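Coordinates in review
Each chain, letter by letter, is given below.
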Amino acid sequence: MNAIASLVVFASCLLATGAQAASPLKLWHAYRGAEEQALEKSTKLFERETGRAVELLALPYDAFAAKLIAAIPHGVGPDVFIFAHERVRQFARMGIVDPVDGAIDRRAYFPNTVDALVVDGKMYGYPLSLKCIALYVNSRLVSRIPETTDEWRAMLARMSSPKENRFGLAYESGDFYFHAPFLFGFKGALFDESGRAIFDTPEMAVSLAFVKRLQDERLIPEEASGALVKTLFNDGRAAMVISGPWFSGEIAKSVPFAVFPLPRVSETGLPMRPFLGVEAALVSARSTDREAARKLAKFLSTGEASVVRAVSAGHVPADRAAYDHRAVREDKLVAAFRRAAENALPMPNTLEMARVWEPMKLALQGALKGGVPPSGAGALADRRYRALYRPKPERASGVPYVVLAGLAAALGLYRARREVLSPELFSKRYPDAARAARYVAPAAAGIFVLVFIPFVYGAGLSFFHHDSGLYTFVGLGNFVDILASRGYRINEPLSFYFTLAVTMLWTAANVVLHVVIGLSLALILRDPLLKLKGFYRVVLIVPWAVPNYITALIWKGMFHRQFGAVNGLLQALHLEPISWFTQFSTAFAANLVTNTWLGFPFMMVVCLGALQSIPAELYEAAEVDGATSWQKFRNITLPLLRPTLLPAVILGSVWTFNMFNIIYLVSGGEPGGATDILVSESYRWAFQRNEQYGFAAAYSVLIFLVLLTWSSFTKRLTRGAQDASS
Amino acid sequence: MSAVSLKGVRKTFDGHAVIKNVDLEAQPGEFLVMVGPSGCGKTTLLRLIAGLETADAGSIAIGGREVSALPPRDRDVAMVFQSYALYPHMSVRENLAFGLRLRKFPKADIAERVSAAAELLELSPLLDRRPKALSGGQRQRVAMGRAIVRQPRVFLFDEPLSNLDTALRVQMRGELARLHRRLGATMIYVTHDQVEAMTLANRVAVFNQGEMQQVGPPLELYHRPANRFVACFLGSPSMNILPVRREGAVLRGQGFSVPVPEDLGDASSDRLLVGVRPQELLICRDGMMSGEVEAIERLGFDGYAFLSTPAGKVAARFSRDASVCVGDKVGAEPVGDAMHVFLEDGRALRHPRLSSH
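Residues numbered from 1 in each chain as written. Chains lettered and ligands numbered in written order. Predicted model: local features only at pLDDT ≥ 70, side-chain atom pairs only at ≥ 80, totals over all residues. Heavy atoms only, no water.

**Looking at the overall build of chain A**
A count of helical and extended segments in chain A gives 31 helices and 15 strands. Principal-axis analysis of the C-alpha atoms gives chain A an extent of 95 × 90 × 55 Å. In chain A, the share of contacts with a sequence separation of at least 24, taken over all contacts with a separation of at least 6, comes to 72%. Total accessible area on chain A stands at roughly 34700 Å², and carbon and sulfur atoms take up 63% of it. For chain A, the separation between the mean place of its 74 positive charges and that of its 61 negative charges on side chains is 3 Å. (Helix = DSSP H or I, 4+ residues; strand = E, 2+ residues; numbered from the N terminus. Contact = heavy atoms within 4.5 Å. Areas by Shrake-Rupley, 256 points an atom, 1.4 Å probe, with all protein chains shown as cover. Lys, Arg positive; Asp, Glu negative; His and termini not counted. Charge placed at Lys NZ, Arg CZ, Asp CG, Glu CD.)

Right, dumping it as structure tokens:
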């Protein structure tokens, strides 16, 4: 009795400590490089001090918000996550974060960082650091710091040399986050009095014209991505860069640099005002150990953790106490960014702010690449904004749908009444049904869970409208919106019909090219006189074997306007380099080339196999009958290939119809969403346009219906072909 | 002018000489059968004539025209393949018309020729079917029809009946003979079946290991084979070959002796081979040879007994009245003059005189 009691006590102690030790706090973030390392160091400090383990998870920035919104309400998210302040309002409204008043000392932090995290008077997170962009200069190349934009332009002109591919300034000109300082420097505003986003303003046009002029005068590079900017600065081919604190970790050791606030705009006398971002550690409202989570968040935002982040990652700490440390006080980078932050404008944490990005991307692209005059770009953004954020469809009553579903079920039951009412008939017709079911059960279960349930869920989702966690039933409202092309004309890129046409053109062009190239190569490889057949076969399979996102990124790089291999080749041939992603035809061609490179090996292999199954005797008989090579091809090869080619073509067409990777990675839907196909458009509705899940689900259902129609049509074709062959 | 003329033709595959110097001529309107065991090169020779292979040496002429360098399409030949090689995706009518369509014949001509061939081969009700819906014999006829519509100078047949069952084979043999009489065309026919050779051919050419052994009318080859190989190839069961020694006026073998035939003449050697066909060796109680019956084949009208004798295995015939069982000790006696004599290297020395030709 004693033994059992002590065993129980021992076991429960084990369980208790196990429970204590077994659940590390989960911390999600979107850092890379030096920032990630600094975070890891800080969490290690926490672990050492409190004995509580912390599990870090790095996520890509694009999908971070969507993941949080999806995971936390279901209780499977992190305990603490690090996010920029601008979504705090939305998170608060969705119940993803809770106020931390009572567990925080507001005075410990700088006031504007506190303000950034306050929603309706309550504070929702622990400020970690300030972020804003500033001017990096290569100290070796730049001796004086420009105070005004006129000075700046003069300096840039001296430092740029288009022949040597050297630029005075490099920055991600296509991203609104980097363009905002220009807009605000020219006295522009993003929101009107009611708080709604406005784009079509004269100041917007002037700011766009300014940047366009910099680009036209070859003072800044075109199509600058983050990677390009980094490379140019590290190679010494860009004397100045506009970027944020994270950039310091990406600069090569050999490049001496210093950081300064952005210059003043000569025309208005106002300083260029970047957005001020506050990064905060936010505590999940569904954390199982709220107290420990808050402790972690607070730890990260103050004290040693704050110093670590400042010193290693160049973060500008938001807590005042950090500046008592000499390391922080004397850190030039931190000081420089703090100075730059004085002019910074806190990014509004309203929902409207999140809606600004996509329309502005369109405007910047149009003005800088697409030949849209700066005065028209604002209007372009406005239209896109209006189209994306349509008023939500009216709430619909579920009654007619339930009635309809009931009728359908009744009809189904009526039709199956024989089997339902007389089970003996069923078992007589299918005597082995029970045994067969056992064999099929595992696969059926897998398919049910992985295919059927998500499908039904998605189809059901299409009847709802989603807005910040609220689902409203709208019946067929989404479908009506899509099919009636409400909010935009039919021939605009956002229209379902436009995208459908592009998708069909995309599919047809690809399949034709794949089959023609694959078949030609298969015919060449079949020639008995060809040497090194094995070698060719392996080499020609390689495009298919390489993961297609790698291929897509390589090709995208090759189509770059200034630094791409394709334009380099054109220039070597004394042809005009093409700006691939500014026109529909060339962007489409770029996608097409990439996908053809990826797709022809499949057709080649299929054709090779099919060719080998044609008996050689038929060709001999045809030769004796009098056929030339072309006649043999047309009358024997092609008809006998049909039964094999047809399924391959059907498969290939369905795959190509939904080929998300290439479209998303190569052209990115440019220009202005014109090369988006249905599936990538649907993705954007779901994940890039404020989580309009219901709308995106409706899109998916429509895609499914289109492909279903196509399959039934092709089934008839296959049956016809089967009848025609042996 | 011969229809087909082969002179000094040689062909080697992978270092292996498949055809070793063949000279052969086919006369216009003749049914020439090339026969021999597997691997003797007869099919290769046919394909050389067709143009599906090129000879390494020698010349091939069709209708007096040198064709060695011409592709099959220009040689004015038509070929019937062993596995028919019908186009599976075309109907019978389209199969028949294919060659003509390729050569851009006028539609009316095509239709006429197709229906004529179909009628000749009794294919008319089948014209719209696909090959997979036809029986073996029907497919064979379509393959022949495809050749017929072309009206070529020479027909080439590559073992066309080997995929058919026996009854059908007999029937098709008759039809082929009838076809030949009707069309009067030159036909070169390859087979390994000596019955087909004997029954269909105007002339038979026997091949062995790439060399032609003998060519001539079937009965000539049967009664007067030029060498041991031809003697054993034609006729079933094959001729009994027994080694003997010439001793004065007698040819002495193991356990038997026969008088030397008058017309034997001087041979270079005393060691010779005697050949007697089983059809001319009758089972009796006592005879020239004796032995024990090892196996029996009763064929209804008569039968063959396979004896084990001191001279080796011997096949002999018995009529249906005779009661012969396995294990019996019997004798065998040739009927009349039935002795062929060969040199040891196989060359024929003497053949029995025939009572009537």
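Moving on from the model shown.
**With respect to the nonpolar core**
If you look at the biggest cluster of nonpolar residues, it comprises 71 residues, and the most contacted ones within it are Trp-152, Leu-169, Phe-176, Met-240, Ile-242 and Phe-275 of chain A. A per-element tally of this core places helix H31 (residues 693-724) of chain A first, with 10 residues. Filtering out sequence-adjacent residues up to four positions away, Met-240 of chain A remains in contact with Leu-135, Tyr-136, Val-137, Val-142, Pro-146, Trp-152, Met-155, Leu-156, Met-159, Gly-168, Leu-169 and Ala-170 of chain A. Within the second largest apolar cluster, 63 residues are counted, among which are Ala-621 and Ala-627 of chain A together with Tyr-87 and Phe-98 of chain B. (Core = buried A, V, L, I, M, F, W, Y, C linked by side-chain atoms within 4.5 Å. Buried < 20%, exposed > 50% of the residue type's maximum accessible area, 1.4 Å probe, protein only.)

**Regarding the layout of surface pockets**
Residues and elements named next belong to chain A. Approximately 780 Å³ is the volume found for the second largest pocket. If you trace the second largest pocket, you find 29 residues lining it, with Tyr-457, Leu-461, Phe-687, Tyr-693 and Ala-697 closest to the centre. Listing elements by their share of the lining of the second largest pocket, those giving two or more residues are helix H3 (61-71), helix H20 (433-461), helix H30 (678-687) and H31. Broken down by element, the residue count for the lining of the second largest pocket peaks at 7 residues, all from H31. Broken down by class, the residue content of the lining of the second largest pocket amounts to 21 nonpolar, 7 polar and 1 charged. (1 Å grid on protein atoms, 1.4 Å probe; cavity = no way out; pocket = protein on both sides within 12 Å on 5 of 7 lines; lining within 4 Å. Points joined across faces, edges and corners; volume = space filled by probe spheres on them. Nonpolar A, V, L, I, M, F, W, Y, C, P; charged D, E, K, R; others polar.)

**A look at empty space enclosed by the protein**
Applying the stated rule across the entire model yields 5 cavities of 30 Å³ or more. Quantified by volume, the largest cavity comes out at close to 60 Å³. Around the largest cavity, the lining residues are Ala-621, Val-624 and Asp-625 of chain A together with Ala-78, Met-79, Phe-81, Ala-143, Arg-146, Ala-147 and Arg-150 of chain B. Of all the secondary-structure elements, those providing two or more residues to the lining of the largest cavity are helix H27 (616-625) of chain A together with strand S6 (77-80) and helix H4 (136-149) of chain B. Considering only residue class, the lining of the largest cavity consists of 7 nonpolar, no polar and 3 charged. Estimated volume of the second largest cavity: approximately 40 Å³. Looking at the second largest cavity, the residues that line it are Glu-159, Pro-160, Leu-161, Ser-162, Arg-169, Thr-191, His-192, Asp-193 and Glu-196 of chain B. Of the residues in the lining of the second largest cavity, the class split is 2 nonpolar, 3 polar and 4 charged.

**Regarding the interface of chain A and chain B**
Taken together, the 21 residues of chain A in the interface contact 25 residues of chain B. Contact between chain A and chain B buries roughly 2000 Å² in total, counting both sides, with carbon and sulfur atoms accounting for 56%. One can count 3 salt bridges joining chain A with chain B. Put simply, Asp-625 of chain A and Arg-150 of chain B hold a salt bridge, and the shortest N to O gap is 3.5 Å. Counting the contacts that link chain A with chain B gives 8 residue pairs in polar contact (both at pLDDT 80 or more). When contributions to the side of chain A that touches chain B are tallied by element, the ones reaching two or more residues are H27, helix H28 (629-657) and H31 of chain A. At 8 residues, the largest contribution of residues to the side of chain A that touches chain B is made by H27 of chain A. Grouping the amino acids of the side of chain A that touches chain B by side-chain chemistry returns 9 nonpolar, 7 polar and 5 charged. (Buried area = accessible area lost by both parts, 1.4 Å probe. Salt bridge = Lys/Arg side-chain N within 4 Å of Asp/Glu carboxyl O. Polar contact = N/O pair within 3.5 Å; in protein donor to acceptor, adjacent residues only side chain to side chain.)

**Details of the domain arrangement of chain B**
All names here are of chain B. When the domains of chain B are assigned, the result is domain 1 (4-228) and domain 2 (240-350). Summed over both sides, the interface of domain 1 with domain 2 buries roughly 630 Å², with 57% coming from carbon and sulfur. Of all residues in domain 1, the largest losses of buried area upon contact with domain 2 belong to Tyr-222, Pro-225 and Arg-228, amounting jointly to 76% of the total for that side. Summed over the shared surface of domain 1 and domain 2, the number is 0 salt bridges. Across the side of domain 1 that touches domain 2, the residue classes break down as 3 nonpolar, 2 polar and 1 charged. (Domains from an automatic or database assignment.)

**Quick word on unusual backbone geometry**
Residue and element names in this part refer to chain B. The omega torsion across Ser-236 and Pro-237 is -5°, close enough to zero to call that bond cis. Here Pro-237 shows up in the loop between helix H8 (228-233) and strand S11 (240-247). One non-glycine residue, Gln-151, lies in the positive phi region at around 45°. Relative to the elements of secondary structure, Gln-151 occurs in the loop between H4 and strand S7 (154-158). A relative accessible area of 53% means that Gln-151 is categorised as exposed. Phi at Gln-209 takes a positive value of approximately 50°, unusual for a residue other than glycine. Within the element layout of this structure, Gln-209 appears in the loop between strand S9 (203-208) and strand S10 (211-216).

**Quick word on the pattern of salt bridges**
Tallied over the entire structure, the rule returns 38 salt bridges over all chains. A salt bridge links Asp-382 of chain A to Arg-386 of chain A; the shortest N-O distance between them is 2.4 Å. Residue Asp-382 of chain A and its partner Arg-386 of chain A are both found in helix H16 (residues 374-388); the two are separated by 4 residues, about one turn of the helix. Judged by relative accessible area, which is 14%, Asp-382 of chain A ranks as buried. In this structure, Arg-317 of chain B engages Asp-302 of chain B in a salt bridge whose closest nitrogen and oxygen atoms are separated by 3.6 Å. A residue pair is termed long-range when its members are at least 10 positions apart, and Arg-317 of chain B in strand S18 (residues 312-319) and Asp-302 of chain B in strand S17 (residues 302-309) qualify at 15 residues. Residues participating in the shared-partner salt-bridge network are Glu-35, Lys-131 and Glu-279 of chain A.

**Looking at the packing of aromatic side chains**
Applying the stated rule across the entire model yields 53 aromatic pairs over all chains. An angle of 35° between the planes, with centres 5.7 Å apart, marks the rings of Phe-157 of chain B and Tyr-189 of chain B as tilted. Of this pair, Phe-157 of chain B sits in strand S7 while Tyr-189 of chain B sits in strand S8 (residues 186-191), and the two are 32 residues apart along the sequence. Under the relative-accessibility criterion, Phe-157 of chain B is labelled buried at 1%. By relative accessible area, Tyr-189 of chain B is classed as buried at 0%. Through a chain of ring-to-ring contacts, the aromatic side chains of Phe-176, Tyr-177, Phe-178, Phe-184, Phe-275 and Trp-357 of chain A assemble into a single cluster. Residue placement shows Lys-556 of chain A over the ring face of Phe-581 of chain A; its charged tip is 5.4 Å from the ring centre. It is Arg-146 of chain B that lies over the ring of Tyr-87 of chain B; its NZ or CZ is 4.9 Å from the centre. (Phe/Tyr/Trp six-rings, centres within 6.5 Å; stacked < 30°, edge-to-face > 60°. Lys NZ or Arg CZ within 6 Å of the ring centre and 35° of its normal.)

**Some points on the sheet that holds S6 of chain B**
All names here are of chain B. Here 6 strands make up an open sheet; going across it, the order is S6-S7-S8-S3-S9-S10 and the pairing mixed. Each edge of the open sheet carries a strand with a single partner, namely S6 and S10. Averaged over neighbouring strand pairs, the angle between their axes works out to 15° when direction is ignored. H4 rests against S6 and S7 of the sheet, and its axis sits at about 175° to S6. (Pairing = 2+ DSSP bridges. Axes fitted to C-alpha atoms, helices over the stretch in contact; angles between N-to-C directions.)

**Side note on the side chain of His-180 of chain B**
All names here are of chain B. The residue His-180 is located in helix H5 (residues 166-183) in this model. A polar atom in the side chain of His-180 sits 2.9 Å from the backbone oxygen of Gly-29. Setting aside residues up to four positions removed in sequence, His-180 forms contacts with Gly-29, Glu-30, Phe-31, Ala-185, Met-187 and Asn-202.

**Digging into the sheet that holds strand S14 (residues 271-276) of chain B**
Sheet strands line up and pair through hydrogen bonds in the backbone, either parallel or antiparallel. All names here are of chain B. One open sheet accounts for 6 strands, arranged S13-S12-S11-S14-S20-S21; its pairing is antiparallel. The open sheet terminates on both sides in strands that have one partner only, identified here as strand S13 (256-259) and strand S21 (348-350). When the angles between neighbouring strand axes are averaged without regard to direction, this sheet yields 40°. Sheet topology note: the S11/S14 ladder contains 6 bridges and is antiparallel. By the bridge assignment for S14, Ile-241 is matched with Gly-275.

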